[in-house]
Each structure stands twice: as structure tokens, then as C-alpha cells.
Amino acid sequence: MKTAMKVLMVLAITFMACSPATAQPTKKQQELRGEVETTAGRKVTLFHSGTKDVKKAICPGDVITVYREVYAHGAIKRTEVGKIRVGSYVGGHYFEAEVVEGKIRRGDVAQKKSAACLVHPAPYEE
């Protein structure tokens, strides 16, 4: 009986020691998982293919709808999460933009007609 009690105590202590902590993830961990949301007034960069079609469809000053695509139950669900205003070209494959409304995450897709861009946080903002 005493040995069974000792074994149970050792198992209980082992389970408690091995269980994950319930602490909140750090901001850096959230950024790596794409969980940090960018709100109105903040800058983002938009990655695009660099083709002439994209540069014709998306111009500085345009307000573009941003969508979040989530894979669920064998299908991709697409929901509108906000709008951004395109500012200027940055290099051959990026636009600088500002969030106008909504909460936008890294990996969301900004789309206007057939042209789409992948949203990233601005490199100079935390």
C-alpha cells in the first residue's frame, strides 16, 4: 500500500513538472506566429510579384480590401478583416501602405481585382 502511494506521488509530481505553463506568449513569439494585429494608422508593407499587371491594378492612393484566409474543415474560408491605403512603391516587389480600418495580421492578403499582395509589418515598426 505504501509503495503504491509512493508511485502515485511520483507520477503526480512528474505530470505537474511536465505540463506546459499557462503563461502568455511574448510579443516576439506572437510575431513569429503572425498573431500580432496591426490597427488603423500603422504602416505595413505589401509584397507583390513585381509584374506590370500588379503595378497597373494597384496604384498609390488606392484603398484595398484585406482578407484573412483560414483552412477549416477541408475548405478555405475567406473573411474581410480591414482596408489599407497604398502609399508608395518600395523597391521592385513592395508597396508601403497604411492601415485605414480593421485589424490586420502578417500573412493576410490585400486584393484588388486580380492583383493580390501579401501583408507584412513595416520593417521599421515594432
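Please read these numbers as outputs of a predicted model, since none were measured by experiment.

How each quantity is defined
Starting from 1, residues in each chain are numbered consecutively following that chain's sequence as written. Selection of residues for local features in this predicted model requires a pLDDT of at least 70, selection of side-chain atom pairs for listing and counting requires 80 or more, and totals for whole chains, interfaces and linings are taken over all residues. Heavy atoms throughout the structure, all of them, feed into the side-chain values; hydrogens and water do not. In summary, the pairing rule links any two rings of Phe, Tyr or Trp, Trp by its six-membered ring, whose centres are within 6.5 Å, and it sorts them by plane angle into stacked for under 30 degrees, edge-to-face for over 60 and tilted for everything else. Lysine NZ or arginine CZ positioned within 6 Å of the ring centre and within 35 degrees of the ring normal marks a charge as sitting over the ring. Across the chain, each position has a pLDDT score giving the predictor's confidence in that residue, from 0 to 100. A run of H or I in DSSP counts as a helix once it spans at least four residues, and a run of E counts as a strand once it spans at least two, with each numbered from the N terminus. Whether two strands pair depends on DSSP finding at least two bridges between them. Fitted lines through C-alpha atoms give the axes, limited to the stretch in contact for helices. The angle between two N-to-C directions lies from 0 to 180 degrees. The set of buried Ala, Val, Leu, Ile, Met, Phe, Trp, Tyr and Cys residues whose side-chain atoms join them within 4.5 Å is what this entry labels a nonpolar core. Classification of residues uses two cut-offs on accessible area relative to the type maximum, computed with a 1.4 Å probe and protein chains only: under 20% is buried, over 50% is exposed, and between them is partly exposed. Residue contacts are counted whenever heavy atoms from the two residues lie within 4.5 Å of one another. Polar contact criterion, stated in full: a pair of N or O atoms within 3.5 Å, where within protein one must be able to donate a hydrogen and the other to accept it, and residues adjacent in sequence count only if both atoms are side-chain atoms. The rule for a salt bridge is simple: a side-chain nitrogen of Lys or Arg has to be within 4 Å of a carboxyl oxygen of Asp or Glu.

Here's the deal with the packing of aromatic side chains
Under the counting rule described, the total for this entry stands at two aromatic pairs. Residues Tyr-89 and Phe-95 carry aromatic rings whose centres are separated by 5.1 Å and whose planes lie at 40 degrees to one another, so their mutual orientation is tilted. Positioned over the ring face of Tyr-89 is Lys-55, at 5.8 Å from the centre of the ring. In this structure, Arg-78 packs its charged tip against the face of Tyr-67, placed 4.2 Å from the ring centre.

Regarding the confidence of the model for the chain
For the chain, the average pLDDT comes to 81, and 78% of its residues sit at 70 or higher. Taken element by element, the chain is modelled with least confidence in helix H2 (residues 27-33), mean pLDDT 58, and with most confidence in strand E5 (residues 94-102), mean pLDDT 92.

Some thoughts on the sheet that holds strand E8 (residues 115-121)
Across a sheet, paired strands are connected by hydrogen bonds in the backbone, their directions being either parallel or antiparallel. Spatially, six strands are ordered E2-E5-E4-E3-E7-E8 in a closed barrel, and the strand pairing comes out antiparallel. On average, adjacent strands in this sheet sit at an angle of 45 degrees to one another, irrespective of strand direction. Relative to E5, strand E2 (residues 43-47) is paired through five bridges, and the arrangement is antiparallel. Among the inter-strand pairings, Thr-45 is bridged to a residue of E5, identified as Glu-96.

With respect to the nonpolar core
Counting 18 residues, the largest nonpolar core has Leu-46, Ile-58 and Ile-84 as its most contacted members. Breaking this core down by element, the ones donating at least two residues are E2, helix H3 (52-57), strand E3 (63-72), strand E4 (75-90), E5 and E8. If sequence neighbours within four positions are ignored, Leu-46 has contacts with Ile-84, Val-86, His-93, Tyr-94, Phe-95, Ala-97, Ala-110, Cys-117, Leu-118 and Val-119.

Considering the side chain of Asp-62
Within the element layout of this structure, Asp-62 appears in the loop between H3 and E3. Here Asp-62 falls in the buried class, since its relative accessible area comes to 17%. For Asp-62, the side chain forms a polar contact with the side chain of Lys-112, separated by 2.7 Å. If we ignore the near neighbours within four places in the chain, the residues touching Asp-62 are Ala-57, Ile-84, Arg-85, Val-86 and Lys-112.

What to know about the pattern of salt bridges
Tallied over the entire structure, the rule returns four salt bridges. Across the salt bridge formed by Arg-68 and Asp-108, the nearest N and O atoms sit 3.0 Å from each other. Residue Arg-68 is found in strand E3, and its partner Asp-108 is found in the loop between strand E6 (104-105) and strand E7 (109-112); the two are separated by 40 residues along the sequence. Since its relative accessible area comes to 2%, Asp-108 is described here as buried. The salt bridge partner of Arg-78 is Glu-69, with a shortest N-O separation of 3.7 Å. By relative accessible area, which is 43% here, Glu-69 ends up partly exposed.

Re the pairing of E3
Taken together, the ten bridges between E3 and E4 define a ladder with antiparallel strand orientation. Bridge pairing links Arg-68 to Thr-79 in E4. If you look at the hairpin formed by E3 and E4, you'll find two residues sitting between the two strands, and His-73 has a positive phi there, around 55 degrees. Both E3 and E7 contribute to a ladder of three bridges, which runs antiparallel. Looking across to E7, one finds that Tyr-67 is bridged to Val-109.

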